[in-house]
Amino acid sequence: STVLDTALQPGTAKNRQCRPTAGTVQVCNGTYGNNGWLGLAQIWISGSHITQGAVKVNDTYFALAQYNNSSEKQHVMCQEVGHTFGLAHQDESGISLNTCMDYYHNTSNSDTKSTHPNQHDYDELVAIYSHLDAAAAAAVVVGGGAAGGLGDANGDDGTPAGASPAGGSWYAEDLGHGRIVLTHVFWAPAGR
């Protein structure tokens with residue numbers, strides 16, 4: 001992106017629950033169990049700024065034949081990281097728009113459609129972050145995860161804020177004082 005200057009840092013075993021850290025996006029994978037989700041993204045918002053984020057990719061499902069390919073895992077991880085920067089889905093019908101922000105299902109390692117952002121995503125980032133103030137960008141920390149719940153540190157999953165027909169859902173939790181936590185869940189569709 002021309003408006004975000006992110007730095008990747010290796011994660012540590014100290015953050016096994018993928019706990020958020022102010023000014024960063026924590027990206028973790030682990031065996032989170034048969035809970036129905038392939039990946040989830042959480043963002044903490046204060047006023048009009050995203051202040052921190054966390055992405056979890058569930059290796060429990062990526063060990064199953066229908067998901068066990070690097071392209072599908074990259075698609076899910078890319079989409080959830082995109083949400084932490086404020087990107088929305090471009091399409092939820094299942095077709096590929098050659099962006100990770102659609103709901104295309106990659107069926108093999110060689111099926112690399114929808115594994116990266118496309119120009120529309122980069123244009124959206126320019127629109128979101130064109131003000132370039134000190135709170136505009138967060139570092140991205142990539143690390144390992146372990147079992148953990150869908151809620152925040154309080155164990156509250158929030159209230160449903162919207163559902164995507166293709167299997168995604170948003171949940172919102174008001175923390176008070178203008179602070180909100182939004183969680184996007186990328187559900188493992190039944191029958192796939």
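Scroll up a little and you will see the structure.
Not measured: the values here are computed from a predicted model.

### Looking at the packing of aromatic side chains
Each aromatic ring pair is specified by the distance between its two centres and by the angle formed by the two planes.
Right, so step 1: Throughout the structure, instances matching the rule amount to three aromatic pairs.
Right, so step 2: Look at Tyr61 and Tyr67: their rings are 6.5 Å apart centre to centre, the planes differ by 90°, and that puts the pair in the edge-to-face class.
Right, so step 3: Residue class for Tyr61 comes out buried when judged on its relative accessible area of 10%.
Right, so step 4: The class of Tyr67 is buried, set by a relative accessible area of 1%.
Right, so step 5: Linked through ring pairs, Tyr61, Phe62 and Tyr67 together constitute an aromatic cluster.

### Focus on the nonpolar core
Right, so step 1: Membership of the largest hydrophobic core comes to 23 residues, with the highest contact counts inside it found for Leu38, Val55 and Leu125.
Right, so step 2: Mapped by element, the contributors of at least two residues to this core are strand E2 (24–30), strand E3 (37–46), strand E4 (49–58), helix H1 (59–62), helix H2 (70–84) and helix H3 (119–129).
Right, so step 3: If one sorts the elements of this core by residue count, H2 sits on top with three residues.
Right, so step 4: What Val55 contacts, discounting residues up to four positions off in sequence, is Cys18, Val25, Gln26, Val27, Cys28, Leu40, Ala41, Glu80, Val81 and Thr84.
Right, so step 5: Cys18, Tyr32, Ala54 and Val181 belong to the second-largest nonpolar core, a separate cluster that totals ten residues.

### Looking at the state of the cysteines
Right, so step 1: For the coordinates displayed, the defined rule picks out two disulfides.
Right, so step 2: With a sulfur-sulfur separation of 2.3 Å, Cys18 is cross-linked through a disulfide to Cys28. Measuring handedness by torsion sign, the sulfur bridge of Cys18 and Cys28 sits at about 90° and is right-handed. One end of the pair, Cys18, is in the loop between strand E1 (8–10) and E2; the other, Cys28, is in strand E2, with ten residues separating them in the sequence.

Definitions and limits used
- Residues numbered from 1 in each chain as written.
- Predicted model: local features only at pLDDT ≥ 70, side-chain atom pairs only at ≥ 80, totals over all residues.
- Heavy atoms only, no water.
- Phe/Tyr/Trp six-rings, centres within 6.5 Å; stacked < 30°, edge-to-face > 60°.
- Buried < 20%, exposed > 50% of the residue type's maximum accessible area, 1.4 Å probe, protein only.
- Core = buried A, V, L, I, M, F, W, Y, C linked by side-chain atoms within 4.5 Å.
- Helix = DSSP H or I, 4+ residues; strand = E, 2+ residues; numbered from the N terminus.
- Contact = heavy atoms within 4.5 Å.
- Disulfide = S-S within 2.5 Å.

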